[in-house]
Amino acid sequence: MTYTNKITITEVVHLANTSKTTVSFYLNGKMEKMSKKIRQRIEQESTL
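Residues numbered from 1 in each chain as written. Predicted model: local features only at pLDDT ≥ 70, side-chain atom pairs only at ≥ 80, totals over all residues. Heavy atoms only, no water.

A. Up close: unusual backbone geometry. Phi at Asn17 takes a positive value of approximately 55°, unusual for a residue other than glycine. Structurally, the position occupied by Asn17 is in the loop between helix H1 (9–16) and helix H2 (20–27). Assessed through its relative accessible area of 65%, Asn17 is described here as exposed. (Helix = DSSP H or I, 4+ residues; strand = E, 2+ residues; numbered from the N terminus. Buried < 20%, exposed > 50% of the residue type's maximum accessible area, 1.4 Å probe, protein only.)

Here's what the structure looks like:
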């Protein structure tokens, strides 16, 4: 089995304390669907 250092959507959801839908919107560039504060939390947690 191969392991990678990639972070999953589920991990970002838990770390950023948001929903899978919100993280999906972020990944698909639908930034108008969320506040700046949420965007910043997702960005911070997804770059670990």
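B. Geometry of the side chain of Glu45. Position of Glu45 relative to the elements: it lies in helix H3 (residues 36–46). In this structure Glu45 is buried but unpaired, with Arg41 as the nearest side chain of opposite charge at 7.2 Å. Every residue in contact with Glu45, bar those within four places of it in the chain, is listed here: Ile7, Leu15 and Ala16. (Lys, Arg positive; Asp, Glu negative; His and termini not counted. Salt bridge = Lys/Arg side-chain N within 4 Å of Asp/Glu carboxyl O. Contact = heavy atoms within 4.5 Å.)

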